[in-house]
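# Structural characterization, general
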Amino acid sequence: MSEPAAPKKKRRAKPVEAARAKPRRALLGSELNPAGAAEGVAPISLKDAVADPALRKMGVELWRQMRGTPEAPPPTSVEDLWKQLPNARLNSSSTADEINRYRERLGFRATMLEALLEETLHELDLLAHAVPADEPPPEPEPEPAPEPEKPKSRKKKAA
Amino acid sequence: MLDPLFILAPPRSFTSLVCACVGQHPELLGLPELNLFQADKMEDFWSGREPDGQLRSPFWAVMRHGMLRTVAQFYSGEQTIQSVNMAERWIKTRRDRSSGEVYRELAEHVAPLRIVEKSPGYLRGRVNLDRLIATFPNARFIHLLRHPRGQCESLMNAKGGPALLFMLGSVDRSGEDPVLDPQILWHDANVRILDFLEDLPPERSIQVRGEAFLNDMDATLARICDWLGIRGDAQAIEAMKHPEDSPFSHVGPINARLGNDINFLNAPALRPGGVTVPTLAGPLDWRPDGASFHPRVAEMAREFGYE
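To start, this report covers the structure provided alongside it. (Residues numbered from 1 in each chain as written. Chains lettered and ligands numbered in written order. Predicted model: local features only at pLDDT ≥ 70, side-chain atom pairs only at ≥ 80, totals over all residues. Heavy atoms only, no water.)

### What to know about the side chain of Arg 114 of chain B
All names here are of chain B.
- Within the secondary structure, Arg 114 is located in strand β3 (residues 114-117).
- Despite its burial, Arg 114 pairs with no opposite charge, the nearest such side chain being Asp 3 at 6.9 Å.
- Among the polar contacts listed, one links the side chain of Arg 114 to the backbone oxygen of Asp 3, at a separation of 2.6 Å.
- Residues within four places of Arg 114 in sequence aside, it is in contact with Leu 2, Asp 3, Pro 4, Leu 5, Glu 27, Leu 28, Leu 29, Asn 138, Arg 140 and Leu 228. (Helix = DSSP H or I, 4+ residues; strand = E, 2+ residues; numbered from the N terminus. Buried < 20%, exposed > 50% of the residue type's maximum accessible area, 1.4 Å probe, protein only. Lys, Arg positive; Asp, Glu negative; His and termini not counted. Salt bridge = Lys/Arg side-chain N within 4 Å of Asp/Glu carboxyl O. Polar contact = N/O pair within 3.5 Å; in protein donor to acceptor, adjacent residues only side chain to side chain. Contact = heavy atoms within 4.5 Å.)

### Topic: the interface of chain B and chain A
- Facing 63 residues of chain B, the contacting portion of chain A comprises 46 residues.
- Summed over both sides, the interface between chain B and chain A buries roughly 4800 Å², with carbon and sulfur atoms accounting for 59% of that surface.
- The largest contributions to the chain B side of the interface with chain A come from Phe 166, Arg 173 and Glu 303 of chain B, which together make up 14% of the buried area.
- If you look at where chain B meets chain A, you find 1 salt bridge.
- Connecting chain B to chain A are 9 residue pairs in polar contact (both at pLDDT 80 or more).
- By residue number, the principal contributor to the side of chain B that touches chain A is helix α10 (residues 182-198) of chain B, which donates 11 residues.
- Here the residues of the side of chain B that touches chain A sort into 29 nonpolar, 17 polar and 17 charged. (Buried area = accessible area lost by both parts, 1.4 Å probe. Nonpolar A, V, L, I, M, F, W, Y, C, P; charged D, E, K, R; others polar.)

What follows is the structure in structure tokens.
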């Protein structure tokens, strides 16, 4: 005699999204980029772009297109990339008065920072000559041999 | 406090519009791109550098705008040059905290409203998504879809789009010369999302086709409300059809202008008329060899309901 069939468990409805139920897939970035990352499409660092001639050429072309200046010198560092952004007009919610006051504040900050930098560099220079208070006193130098006495000048002082 | 609702999608998938629309629901609050989970510590978020000293992106300073605008709005009730300066100090005083701690602080500040956010940068690595779910184990997710042809063409035609694709590594290097190919980003970003969501209970996420969202907004918004368990009456749906009413749906002050796609910030209102859904068949405009979609891209698109 066979055991009575266990009551059928209510199967949970499959999610509408069939894609989710499938096993994890291979990544296109890994397949189409033999040197690429195993985790698929991954940001290209500036270091990698510079080291690879084909990528470098592509990157420079794209950068020139973005700037709209085909003759622009290629950027050489990340900071350079940032500096070379096109001088587009930047719209904002700030009024002319607010922008002017902000400009004044930034100008004041720039002056302060310049002064601070100058003073800091000067202080660093001074430190190179600092004598620590707890430094043992230098060995007394041997007394130099007395120089032979020079003959006195016969020239008379002008009146 | 309810854990936030995140919108996951590759760039140029209507994320700005969908996030702003959904975030206008009376029980929700749409935010700009915070990018917080791209860093572990707030110090790293502020500096934009990885622990090994590498800069995350040459545009990192801009990627902080969303966070600055959010803090300014939350704690000053306005977004001005001064309030953004305050927000800078607010962030800097939290430099030793984790990005998750700070995100929770923001979520608690606006409770009972529930945060809605999208930062496409989270898809750059699984580690970002892992940080997110460790912070908000009960977060909800909208996997926002867009037809690969529409998304790829939009990226290729956007100002700075090709440069972005290059930086993100969406380059086909299988031939003699490298070819910029946005379908790689479309595919791998979606794989990353699917992989991540597979590890969560199915009720925590929903797939929404961006084209359906725009072409049949009432029904799609009602579906989202139903899934979230929030009111879906006519008044709530109407509020969601006005993304331009969000305090983040315009350019910000000069020291934090963005936090979102500039095209959206300049024209955030819904436009009349729908969008057409392209087809999978046929050559791709951006491929010099006249190739069509990679078989795996076409297969995935069909699973998403595209033809």
